Amino acid sequence: MIQFSEEKLNKVKEIIARYPEGKQKSALIPVLHVAQEEFGGWLDVPVMDYVAELLSLKPIEVYEVATFYTMFNMKPVGKYVLEVCQTGPCMLNGSDDIINYIKEKLSIQVGETTADGLFTLKPAECLGACGYAPMMQLGKTFREFLTKEKIDQIIDELRAAAKN
Amino acid sequence: MKLLLEHAHVEGIRYYDAYRKHGGYRSVEKALKMSPDEITEEVKKSGLRGRGGAGFPTGMKWSFLAKPEGVPRHLVCNADESEPGTFKDRYLMEFIPHLLVEGLIVSSYALGSNLTFIYIRGEYAWIVDILEQAIAEAKSNGWLGKNIAGSGFDCEIYVQRGAGAYICGEETALLESLEGKRGNPRIKPPFPAVKGLWGRPTVVNNVETLAAVVPIINMGGEEYAKIGVGRSTGTKLMSACGNINKPGVYEIDMTISVEEFIFSDQYCGGIPKGKRLKACIPGGSSVPILPANLLLKTAKGETRYMNYESLSDGGFQTGSMLGSGGFIVFDEDQCVVRHTMSLAHFYMHESCGQCSPCREGTGWMYRILKNIEYGKGKMSDIELLWDIQGKIEGNTICPLGDAAAWPVAAAIRHFRDEFEWHVLNPEESQTRNYGLAHYADPVYVPAVS
């Protein structure tokens, strides 16, 4: 059964309270973020239906929004999603090499997840870190000025974190 | 001259106490003793132009706000910074968040917004926490909430996180997104000033624009207007990236030359490894790319400066735009075809799909560019690209269509020989780059041979 924890439910209530009476649809994107975080990093249909019910929306209103925005994952992803920027300024600084290196190191193609379910490689469009290129998004943080050595470090670090 | 980032490196400036100690929230104290119209008047006098890219005069935008009796109005801060090459708003919000909060309070008072939103791109997740912390501090010190400093003015600010869509930087798409919908831009008119958020009169301004309201109120509009040159008043944040020694965010007054900005140690610090300058996109990925010779000097041979007028001198034939201030530098080893392909991919990915010229055209341009880049192009493809971009421009609801067309047009306009070389040398172009050709900068010869 899909159900937010008490803490997340309070968070959702707090979000809805920001908007004027009857405008709770505005809470949809923030609540989808909460849902994705809570339910395994992606938005399955029952999860979206649950959000629709919480906000008194029709399910289609949730699906059409969730599928529009690239940050919402429509299929399962690994525990860690490596989102490497590939747009112009990062490309000038070697993002192609970084993407290729990760593909080789983890033996996955772009868009795929490793067999152990730890890593997904997802190419991203400009993330607003052009001066600190090449870079990737990892959860809530940015990892910048990437090199092959830094990729090795990050992957080791995440593998260690996953064990704990 | 620094107005916005003057205190950005002061220890603890992210927090209220240090910010207040360095003159923070003085503009709110001053503004609350003025009438809302007087504040708008100061902003008009300052000559401040929208810092998000379009450069529309802010005071004028404010004066268009409809004020029907009994209908709430809103201010929305556009922090959806997504234009490739642009990361200045991120810097401002990350390091000196109270400056934005202060600007928002003054602007909300001027516009009569009791409920104000910061719409921030979803990927800047950690900045949401920084801003919410700053808002909470401002509130606990009496600068937000009910009856601010005894003025009778109430205001709340909330941060709304987007979820990964370049298009939501377009103001009507942003409002749709803030209403919990897909980011499809609206047909204008009606403009947001009349029908914006939830159909109410709304002003949408960029982060840097709203932060600039703080020095404008502190020093007065007329004093602010004395900084800079002509209609490029005040200071501008530039985010510099690409092949330069010192990438980062710089606050400039708009009187310095492009040459100084790229080569002086105070700013970009020149090009790494003694390489030569090939080209530059001076104002975010959507504005025309310029070869070095047209970048440093205008077609008339005059020095080009870092301001709205000088960068657009010569129109799109020989000039570009200051845009969002996303300054992308290319050294001699960069391939313009490959870069244009990358940007075409970006616009294809980010098109909302509402208008067919943009939805179909951006993908078509990408596929043609990919063929040329990978040695499968034909000469007629270059003409076809030119034709497609011309049919997207001006034929879409929002400016994303133009933004996708301009980089392709400018690349062909100035670097046609490089495209032709790719077509004529399908194998060689896979192993080496075209190089500098005739558009090298005439000023800087490599220091090492």
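Residue indices follow the written sequence of each chain, beginning from 1 at its first position. Note on labels: chains are lettered from A, ligands numbered from 1, in written order. Note on the predicted model: pLDDT of at least 70 is required for a residue's local features to be given, and 80 or more for side-chain atom pairs to be given and counted; whole-chain, interface and lining totals, by contrast, use all residues.

J.: Help me understand the domain arrangement of chain B, please; the structure alone is not making it clear to me.
T.: Size of an interface, as often reported, equals the accessible area lost when the parts are brought together. All names here are of chain B. Domain annotation for chain B reports domain 1 (16-226), domain 2 (236-331) and domain 3 (336-437). The gap between the C-alpha centroids of domain 1 and domain 2 is 28 Å. With 14 residues of domain 1 at the interface, the matching set in domain 2 holds 18 residues. Residue contributions to the side of domain 1 that touches domain 2 peak at 3 residues, all from helix H5 (residues 88-95). Each residue is assigned to one class: nonpolar for Ala, Val, Leu, Ile, Met, Phe, Trp, Tyr, Cys and Pro, charged for Asp, Glu, Lys and Arg, and polar for all the others, Gly among them. Residue composition of the side of domain 1 that touches domain 2, grouped by class: 4 nonpolar, 5 polar and 5 charged. These domain boundaries are the output of an automatic or database domain assignment. Here, residue contact means that the backbone-derived C-beta atoms of the two residues sit within 7 Å. In this text, helices come from DSSP runs of H or I with a minimum length of four residues, and strands from runs of E with a minimum of two, each type numbered from the N-terminal end.

J.: When you look at the packing of helix H2 (residues 28-38) of chain A against helix H3 (residues 45-54) of chain A in this model, what are you seeing that I'm missing?
T.: Think of two packed helices as two axes; the pair is described by the angle between the axes and how far apart they sit. All names here are of chain A. Relative orientation of the contacting elements H2 and H3 amounts to 140 degrees, with a least axis distance of 11 Å. The pairing of H2 with H3 is recorded here as oblique in orientation. Where H2 crosses over H3, the two elements pack in a sense that is right-handed. Where H2 approaches H3, its residues Val31, Leu32 and Ala35 are matched on the opposing element by Val47, Val51 and Leu54. Across the contact of H2 with H3, the residue classes break down as 6 nonpolar, no polar and no charged. Every axis in this analysis is a line fitted to C-alpha atoms, fitted for helices over the stretch in contact. Angles between the N-to-C directions lie between 0 and 180 degrees. Any angle from 65 to 115 degrees is called roughly perpendicular, while one under 35 is roughly parallel, one over 145 is roughly antiparallel, and all others are oblique. Here is the rule for handedness: rotate from the far helix to the near one, and if that takes an anticlockwise turn smaller than a right angle the crossing is left-handed, while a clockwise turn gives right-handed.

J.: Honestly, helix H6 (residues 95-106) of chain A in this entry has me stumped. Any pointers?
T.: Residues spaced three or four apart along an α-helix face the same direction, because each turn holds 3.6 residues. All names here are of chain A. An ideal rise of 1.5 Å per residue puts 16 Å on 12 residues; H6 measures up with 17 Å between its terminal C-alpha atoms. Counting other C-beta atoms within 10 Å of a residue's C-beta gives its exposure: the residue is buried at 20 or more, exposed at 12 or fewer, and partly exposed in between, where C-beta atoms are placed from the backbone. Within H6, the full set of buried residues consists of Ser95, Ile98, Ile99, Ile102 and Leu106. Within H6, the buried residues cover an arc of 100 degrees as seen down the axis, which keeps them to one side. Along its buried surface, H6 packs onto strand E1 (80-85), helix H5 (88-92), strand E2 (119-124) and helix H7 (148-163). Two residues or fewer after H6 comes Ser107, characterised by a positive phi angle close to 50 degrees. A helix's residues, less one, multiplied by 1.5 Å, set its expected span. The arc in question is traced by the directions running from the helix axis to the C-beta atoms.

J.: In this structure, what is going on with the pairing of strand E2 (residues 113-120) of chain B? I would like to understand it.
T.: The side chains of a regular strand alternate between the sheet's two faces. Residue and element names in this part refer to chain B. Counting buried positions over the 8 residues of E2 gives 7, a clear majority of the element. Note on pairing: DSSP must find at least two bridges between two strands before they are called paired. Note that strand E1 (residues 73-79) and E2 share 7 bridges and pair parallel. Pairing of Val76 across the sheet is with Phe117, part of E2. Pairing between E2 and strand E3 (residues 156-161): 6 bridges, direction parallel. Bridging from a neighbouring strand, Ile120 pairs with Arg161 of E3.

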